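Coordinates in review
Each chain, written out:
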Amino acid sequence: MLKSHSCGELRKEDTGQKVTLAGWVHRRRDHGGMVFIDLRDSSGIVQVVFNPQVSQEACQVAGSLRNEYVVQVVGEIVLRPEGTENPRLATGEIEVVAKKGIILNTSETPPFYINEDVEVEESLCLKDRFLYLRRPRMRDNIILRHRMVKFIRDFLDGRGFLEIETPILIKSTPEGARDYLVPSRLNPGKFYALPQSPQQLKQLLMVAGLEKYFQIAKCFRDEDLRADRQPEFTQLDLEVSFVEEEDILQLMEQLFTSLVETVKPEMQLLKPFPRFSYKEAMGRYGTDKPDVRFGMELKDISDIAAQTDFAVFRSAVDNGGEVRGICVPGCAHYSRHELDGLINLAKGCGPQGLITMSFMGESVATDTVKSTAARHLTQAQLENIAARFESRTGDLVLIVADVLEVVNKTLDELRREMARRLNLADDNILAFAFVVDFPLFEWGEATNHWESMHHPFTAPRQEDIPLLDTEPAKVQARHYDVVCNGCELGSGSIRIHHRHLQEKVFQLLGYSKEDVEQRFGHFIRALEYGAPPHGGIAVGLDRLAMLLAREQTIREVIAFPKNQNAVDLMFDTPSYVDKKQLDELNLKLKQEILR
Ligand code: ASP
């Protein structure tokens, strides 16, 4: 190799060693004839000193070095002079005295700093991704991701799981998103769909008798993108035969706990992972992916609101809505302007407005509670509201009166926003939680039939099966989610393994017999050949890596991500293709979108 050691591994104990290093010039400083460079390779950074008294020749080379030049350095490790150690660097106690320097390659000036972690316009760091990935933080994220995957593989291997690859060119498998389609040249007019997940395949592996499957699986969903979504993303996907809910939840709790303790021991875990029923999560947090690092839980005051003369409260309750709110500690001092900001934020979630109550004084009274609602409420009503929120002097209560869905959405948003402002969401804490007891279906207003809360393969609770015929809304699913810090990390379920039940669910989901035959014929058939009871889960690996890396978006833990428009700016793709390629695929573009 062109190097004998890696930059980042050198320590005090190596003093006196002769080394050959190779890497990039991270930073260069000239000090009266002496040149110092921070030399960086994938393992870290070490300081190299070029001293004219050691080698004139090496110093000349050093003089022409610029940031990001690639160099080879031959030298010796020495202790840094006392007082010049750098405790922020793992190699900070030593430096390399250069005897020889060879420029292996030059570099243009990069379009953004590599040696400083200052924010870069997103398009730049996506376009020149190979440069952005040189930043030490990004390198650390990529290394972390590697360690996570390695740990997961070993952990599951140790428990008898087999890693099995499944095809990428496949048929649509419903996970509730749009498919990416791939035209088939050999079968004109026909298309493959890229898997939204390997759901059917992993279930078929259970039918095949393989019992414990996992895969670090690529999934593709053509959805609108957000900070935690990419058109292609990675799941830790697994499936096990002869299990019940508890087995999967325990497996996940053990996996996450030992993963964090191994790859991120400095992070704090809340153990054991709390469990919420879907109903409880929605009631206490307004969402099925609660962030349990902080309180500010939702309180229902619909009963009190129904007795008042306050039109906003009354009309919500009279129209079948709800009145709920959160109590934000210590924010009663918010100015009109700040409150207007919150009202606007709330309105973005759909409600007509937001009722704010600032508890200014020791006592609860119409003149100490600053609120547009106060003068419409009796003293007793005010006291009841204060008691329900357990509000204290200095607190700010935020109340939404609307249909339940809007109330929940708004309060979830406000709760997370206020936690951010109050610094209550410590990203050094990983608050995992399980959410269970989901309904099997939700009514699709647009489609006019039942839709799966999870996916069509999820089993209903045994005792609820008769309700499929009478009250599908009441059927509970054997579905569970794992969430962490307010982020949906994974979903799974115990599956249907009997043909007739699967057919019944398809039917409730609005599939005709022909649809089922055409889309799921293979699957239904498999269930007829001794399909074992089975269940599994899939965890978003990008999201998990994002949380462990304490990043704000999954793009920071993906080597080559796409932008918000699903464009890869580095390759500049998706891109147009030649007419010849389209002809081979028997495809023709619509006139109006032609270049
Ligand atoms: N395939 C499901 C998903 O991607 C996970 C599962 O049910 O195992 O959400």
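Whatever comes next refers back to the structure up there.
The notes below deal with the structure included here. (Residues numbered from 1 in each chain as written. Predicted model: local features only at pLDDT ≥ 70, side-chain atom pairs only at ≥ 80, totals over all residues. Heavy atoms only, no water.)

With that out of the way, let us pick up the sheet that holds strand S13 (residues 299–300). Taken in spatial order, the 5 strands of this open sheet run S13-S14-S17-S15-S16, and their pairing is antiparallel. Each edge of the open sheet carries a strand with a single partner, namely S13 and strand S16 (369–370). Pairing of strand S15 (residues 355–359) with strand S17 (residues 396–402) involves 4 bridges; the strand directions are antiparallel. By the bridge assignment, Met 357 is partnered in S17 with Val 397. Relative to strand S14 (residues 322–328), helix H12 (residues 404–421) is tilted by about 5°, and along the sheet it contacts S14 and S17. (Pairing = 2+ DSSP bridges. Helix = DSSP H or I, 4+ residues; strand = E, 2+ residues; numbered from the N terminus. Contact = heavy atoms within 4.5 Å. Axes fitted to C-alpha atoms, helices over the stretch in contact; angles between N-to-C directions.)

With that settled, the discussion passes to helix H15 (residues 513–527). Here H15 is 15 residues long, yet its end C-alpha atoms lie only 16 Å apart, well below the 21 Å a rise of 1.5 Å per residue gives. At Phe 520, H15 shows its maximal bend, which comes to roughly 85°. Among the residues of H15, Val 516, Phe 520, Gly 521, Phe 523, Ile 524, Ala 526 and Leu 527 are the ones counted as buried. At its buried positions, H15 is contacted by helix H5 (199–207) and helix H14 (499–508). (Expected span 1.5 Å × (residues − 1). Bend = angle between axes of the 7 residues up to and from the residue. Buried < 20%, exposed > 50% of the residue type's maximum accessible area, 1.4 Å probe, protein only.)

What follows is about the pairing of S14. With 7 of its 7 residues buried, S14 lies for the most part within the structure. Across the two faces of S14 the burial is the same, with Glu 322, Arg 324, Ile 326 and Val 328 and Val 323, Gly 325 and Cys 327 all buried. Two elements, S13 and S14, share 2 bridges in a ladder whose sense is antiparallel. Among the inter-strand pairings, Lys 299 is bridged to a residue of S14, identified as Gly 325. Taken together, the 7 bridges between S14 and S17 define a ladder with antiparallel strand orientation. Residue Cys 327 lies in a different strand from S17, and its bridge partner there is Val 397.

Looking at the secondary structure, you find His 455 in the loop between strand S21 (449–452) and helix H13 (467–470). Under the relative-accessibility criterion, His 455 is labelled buried at 3%. Polar contacts involving the side chain of His 455 include one to the side chain of Gln 199, which spans 3.3 Å. Residues contacting His 455, with those up to four places away along its chain left out, are Pro 174, Glu 175, Gln 199, Ser 493 and Arg 495. (Polar contact = N/O pair within 3.5 Å; in protein donor to acceptor, adjacent residues only side chain to side chain.)

Pairing within the closed barrel is mixed, and its 5 strands lie in the order S1-S2-S3-S5-S4. Shown here is a sheet whose adjacent strand axes are inclined to one another by a mean of 55°, direction ignored. Here helix H1 (residues 56–63) sits on the sheet and contacts strand S1 (18–31), strand S2 (34–41), strand S3 (44–50) and strand S5 (94–105); the angle it forms with S5, its principal contact strand, is near 65°.

Another point: H1. Note that an α-helix has 3.6 residues per turn; residues three or four places apart therefore point the same way. All of the buried residues in H1 are Ala 58, Cys 59 and Ala 62. Down the axis of H1, the sector holding all buried residues measures 100°, keeping them to one side. Counted as exposed and oriented over 90 degrees from the buried face of H1: Gln 56, Glu 57 and Gln 60. Tucked inside the fold, the buried residues of H1 contact S1, S2, S3 and S5. (Arc of directions from axis to C-beta.)

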